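# Summary of structural features
In case you want the letters, here they are:
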Amino acid sequence: MAEKELRGKSVEELTWRTLEGIDVQPLYTSEDLDGLEHIKDIPGEAPYIRGVKATMYAGRPWTIRQYAGFSTAEESNAFYRKGLSAGQQGVSVAFDLATHRGFDSDHPRVVGDVGKAGVAIDSVEDMKTLFDGIPLDKISVSMTMNGAVIPVLASFIVAAEEQGVEKASLSGTIQNDILKEFMVRNTYIYPPKPSMRIVADIIEFTAAEMPKFNSISISGYHMQEAGANLVQELAYTIADGREYVRVAISRGMDVDAFAGRLSFFFAIGMNFFMEAAKLRAARVLWHRVMAEFEPKNPKSSMLRTHCQTSGVSLQEQDPYNNIVRTAFEAMSAVLGGTQSLHTNSFDEAIALPTETSARIARNTQLILQEETGVTNVIDPLAGSYYVEKLTADMIDEAWLLIEEVEQLGGMTKAVASGMPKLKIEESAARRQALIDRGEEVIIGVNKHQIETQPDIEVRDINNDEVREAQVIKLKKIRRTRDKLACEDALLELGRRCEEGGNLLEAAIEAVRHRATVGEVSLAMEGTFGRHRAEVKTLAGVYGAVYEDDEDFQAIQRSVEDFAKTEGRRPRILVVKMGQDGHDRGAKVIASAFADIGFDVDVGPLFQTPEEAAQDAVDNDVHVVGISSQAAGHKTLAPKLIEALKAADAEEIIVVCGGVIPQQDYDFLKAAGVAAIFGPGTNIPTAAQEVLNLIRQARA
């Protein structure tokens, strides 16, 4: 390589090391392809690196499947029907957190969650309303549901039945991926062992009764959103898939009876070429893993995937930049060979998408399909020196992690050990530190900032109104159903939990008799119990990135000065209230504040405001930091402040961080919130502000 081509610098000087530990050279040549046998592959042939179909998008474009759901079933139904009439090709349902966690809307633990981050579904009647006017024998439906997967899938099947559509005609996907819930997303209900039984029951039932339906969507998406680097996302997703296959086979199922209906789900972030290479690598790795099960049908070894553009890459600052980010991410997913795609709306770092932002997101895909010409060529990145070498590097690096999981006894045991979760949290903390230092550039956040943020229309859901409407529906169902028939069906479900038998089959019967989502979940909880995770925090990862930073050291000295003056360090309790299990933000804040010098307590997930207030009093903290992502802040933050007052602890400061629209700031401050830190906030700056608030309160 000529020296002038490198502008006087060596290859080593210009080589970039990714977060995954992969060295990316400034220039690739044919020499980098030496020994890479896969470059001879063609689309539609094993190991499917170039796609699972010979013609790929030249034969049929990817499916535009937009993920949506909010408020009531009526509102979500209207939203879906508009999307389908405007070019959307499938429905992807987001459920609210009460539904995810198996609670009916009238349960006291979900006061702030009903209808906020998805649609509230309490019964088959809600499900029927959700799909009213949508022909379920023609439109495929994807449902992101894991913890309450049994009652939700049962309600979907019965709703279709009462629409006149047999279950054998239903097409779509249920996520049903519980391992990643224990790893990152946390919308689990039952402990791991019975949860894996539920997964197997659904695979078994759908394989026999629903030949067009995908029984599981093995999800790496939430891993990347929780902070996993791309190799971790790739490796742990494939390892999860291997575990599910083993569980199904252990039930006596033939691999070819179900493996062809397994699907995958990946996040697509801003590392354009690496994301495309990740999808190519995933297909090779899945083919390698499936070889050990000796399938006879080639479809059993094909990795088919849905993709969604990144939510974490979206920023509150200069939010129209998010439209550009999403377009690049969508192109990356397409060049990587995804089978279906969701494009995020630009305002999702602020609030739920509006109709306008959702239309822009949907049109991003339509423009890709109709105007760019990407559907005319099969696998246009094939043969790229860089992409082919990057694909090979990702295969090798991911396989090392997959083998590490195997050494622990498989993914169920690895998850129980906490190893994958810890590695993902380390990655998240490290990346956040790089962003806060400005070493990883985000336009509008840490470089090329604008002075005044534009006013953005946001969708605001009236949580109280939605909950009241759901409570009325629940009362009607319980009043008008055959009480004895419903109770008998729930007893049979409980019996099967204890003695054996397919749980989905029993739940379908219970739902026919109008058992609610909460009642079906509770019937299983009576045998299985409800899982409670142990809270663990990191130390040293965030601070290591700032090791030589004078400003960071100055904040640490400020904390030390406070400790000398007050006789103890500033103490913060980081809490997640309601049923939102997304704890990346809370864990990163806890890690960073601890490295800065604060004493940090982290509350358990799914607390009520009253429980969080009691923790704050018991731990004698100066500050409670509320981490919010699921839009429950307007309900939960005021309730926490009221609970602190009731406990004679008004001196404890309350701050909020996370996905909170600017329009809500005045409301929260009027309720007593001392400071609000939106997405993209520099953590050391926030720590200094919190320290100043403590000093002011004690002056």
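Summarised in this report is the structure supplied together with it. Just so you know, the residues in each chain are numbered from 1, in the order the chain's sequence is written. Two thresholds apply to this predicted model, a pLDDT of at least 70 for residue-level local features and 80 or more for giving and counting side-chain atom pairs, whereas whole-chain, interface and lining totals are computed over all residues. The side-chain figures draw on all heavy atoms in the structure; neither hydrogens nor water molecules are used.

The next subject is the overall build of the chain. A run of H or I in DSSP counts as a helix once it spans at least four residues, and a run of E counts as a strand once it spans at least two, with each numbered from the N terminus. In terms of helices and strands, the chain carries 28 helices and 16 strands. Taken against the 2.2 N^0.38 rule, which gives 27 Å for 699 residues, the C-alpha radius of gyration of the chain at 25 Å falls within 12% of a compact globule. Overall size of the chain, expressed as C-alpha extent along the three principal axes, is 80 × 70 × 50 Å. By definition, residues are in contact when any of their heavy atoms lie within 4.5 Å. Sequence separation of 24 or more characterises 79% of the internal contacts of the chain that already satisfy a separation of 6 or more. Shrake-Rupley sampling with a 1.4 Å probe provides the accessible areas, and residues are treated as covered by the protein chains on show and by no other component. Just so you have it, the chain exposes about 27400 Å², and 49% of that area is on carbon and sulfur atoms. His is not counted, nor are the chain ends, whereas Lys and Arg count as positive and Asp and Glu as negative. Note on charges: their place is set at NZ of Lys, CZ of Arg, CG of Asp or CD of Glu. Averaging the positions of the 74 positive and the 104 negative side-chain charges in the chain gives two centres separated by 3 Å. Radius of gyration means the value over C-alpha atoms here, while the globule rule gives 2.2 Å times the residue count to the 0.38 power.

Strand order in the open sheet formed by five strands is β13-β12-β14-β15-β16, with parallel pairing between adjacent strands. Lying at the two open borders of the sheet, with one neighbouring strand each, are β13 (599–602) and β16 (675–677). Taken pair by pair, the neighbouring strands of this sheet meet at an average axis angle of 25°, ignoring direction. When DSSP locates at least two bridges between a pair of strands, those strands are taken to pair. Pairing of strand β12 (residues 571–575) with strand β14 (residues 623–628) involves four bridges; the strand directions are parallel. Axes here mean lines fitted to C-alpha atoms, for a helix over just the part in contact, with angles spanning 0 to 180 degrees between N-to-C directions.

Quick look at the packing of helix α6 (residues 149–163) against helix α20 (residues 503–512) now. Remark: α6 packs on α20, axes separated minimally by 8 Å, with the N-to-C direction vectors making an angle of 55°. What the angle tells us is that α6 and α20 run oblique. Crossing hand, α6 versus α20: right-handed. Here I150, P151, L153, A154, S155, I157, V158 and E161 of α6 come into contact with α20, specifically with L503, L504, A507, I508, V511 and R512. In this classification, Asp, Glu, Lys and Arg are treated as charged, Ala, Val, Leu, Ile, Met, Phe, Trp, Tyr, Cys and Pro as nonpolar, and every other residue, Gly included, as polar. Looking at the contact of α6 with α20 residue by residue, the classes come out as eleven nonpolar, one polar and two charged. Just so you know how the angles are binned, under 35 degrees is roughly parallel, over 145 roughly antiparallel, 65 to 115 roughly perpendicular, and the rest oblique. A clockwise turn of the near helix away from the far one marks a right-handed crossing, whereas an anticlockwise turn of less than a right angle marks a left-handed crossing.

As a further point, take the pattern of salt bridges. We count a salt bridge whenever a side-chain nitrogen from Lys or Arg sits within 4 Å of a carboxyl oxygen from Asp or Glu. Under the counting rule described, the total for this entry stands at 53 salt bridges. Where E74 meets K473, a salt bridge forms, and the shortest distance between an N and an O atom there is 3.2 Å. Linking E74 in helix α3 (residues 73–85) with K473 in helix α18 (residues 463–480), this pair joins segments that are 399 residues apart in sequence. The class of E74 is partly exposed, set by a relative accessible area of 39%. Relative accessible area serves as the criterion here: at 23%, K473 is assigned to the partly exposed category. A salt bridge links R431 to E440, with the shortest nitrogen-to-oxygen separation between them at 2.6 Å. With a 1.4 Å probe rolled over the protein chains alone, any residue whose accessible area is under 20% of its type maximum counts as buried; one over 50% counts as exposed, and the rest are partly exposed.

A word on the pairing of strand β8 (residues 216–219). Residues I216 and I218 point to one face of β8 and S217 and S219 to the other, with burial holding for every one of them. The sheet contact formed by β8 and strand β9 (residues 262–268) spans four bridges and is parallel. When the bridges of β9 are listed, I216 appears paired with L262.

Note on helix geometry: an α-helix contains 3.6 residues per turn, so any two residues three or four positions apart are oriented the same way. With twelve residues, helix α21 (residues 517–528) should reach 16 Å at 1.5 Å per residue; the first-to-last C-alpha distance of 16 Å fits that figure. All of the buried residues along α21 are V517, G518, E519, V520, S521, A523, M524 and F528. As for α21, its buried residues are in contact with α4 (97–100), α6, α8 (192–209), α18, α19 (483–499) and α20. A positive backbone phi angle near 80° is found at G529, which sits one or two residues after α21. Any helix carries an expected span of 1.5 Å times its number of residues minus one.

Let us look at the side chain of N77. Relative to the helices and strands, N77 resides in helix α3. A relative accessible area of 7% means that N77 is categorised as buried. Any pair of nitrogen or oxygen atoms within 3.5 Å is treated as a polar contact; in protein, a donor-acceptor pairing is required on top of that, and neighbouring residues in sequence qualify only through side-chain atoms on both sides. Separated by 3.5 Å, the side chain of N77 and the backbone oxygen of T129 make a polar contact. When sequence neighbours within four positions are dropped, the list of residues in contact with N77 reads T129, L130, F131, D132 and I134.

In summary, the pairing rule links any two rings of Phe, Tyr or Trp, Trp by its six-membered ring, whose centres are within 6.5 Å, and it sorts them by plane angle into stacked for under 30 degrees, edge-to-face for over 60 and tilted for everything else. Under the criterion given, the structure shown has 17 aromatic pairs. Relative to F606, the ring of Y188 lies with its centre 6.0 Å away and its plane at 85°, an arrangement referred to as edge-to-face. Residue Y188 is located in the loop between α7 (179–185) and α8, and its partner F606 is located in the loop between β13 and α25 (609–618); the two are separated by 418 residues in the primary sequence. Judged on exposure class, the residue Y188 and its partner F606 are both buried. Aromatic ring contacts, followed pair by pair, group Y28, F272, F273 and Y386 into a single cluster. A cation over a ring is seen here: R437 above Y546, with NZ or CZ 5.6 Å from the ring centre. Look at NZ for Lys and CZ for Arg. If either is within 6 Å of the ring centre and within 35 degrees of the ring normal, a charge sits over the ring.

The next subject is the nonpolar core. Counting residues in each nonpolar core, the largest one holds 76 residues, and the members touching the most others are Y236, I238, F258, W286, M394 and M411. Broken down by element, the residue count for this core peaks at eleven residues, all from helix α10 (residues 230–250). Filtering out sequence-adjacent residues up to four positions away, F258 remains in contact with I203, A207, V245, A248, I249 and M253. The set of buried Ala, Val, Leu, Ile, Met, Phe, Trp, Tyr and Cys residues whose side-chain atoms join them within 4.5 Å is what this entry labels a nonpolar core.

Our focus in this paragraph is the environment of A594. Within the secondary structure layout, A594 lies in helix α24 (residues 584–596). Separated by 52 residues in the primary sequence, A594 and Y542 place their C-alpha atoms 9.1 Å from one another.

In this section: unusual backbone geometry. Following A46, the chain continues into P47 via a peptide bond in cis, with omega recorded as 5°. Despite not being glycine, N186 shows a phi value in the positive range, around 70°. If you trace the backbone, N186 turns up in the loop between α7 and α8. For H448, which is not glycine, the phi dihedral falls at a positive 55°. Locating H448 in the fold gives a position in the loop between α17 (419–437) and α18.

Turning next to the pairing of strand β15 (residues 653–658). With five of six residues buried, β15 lies mostly within the body of the structure. Pairing analysis gives six bridges linking β14 to β15, with the strands arranged parallel. Within β15, the residue paired with V623 across the bridge is I653. For β15 and β16, the ladder comprises three bridges, and the chain directions are parallel.

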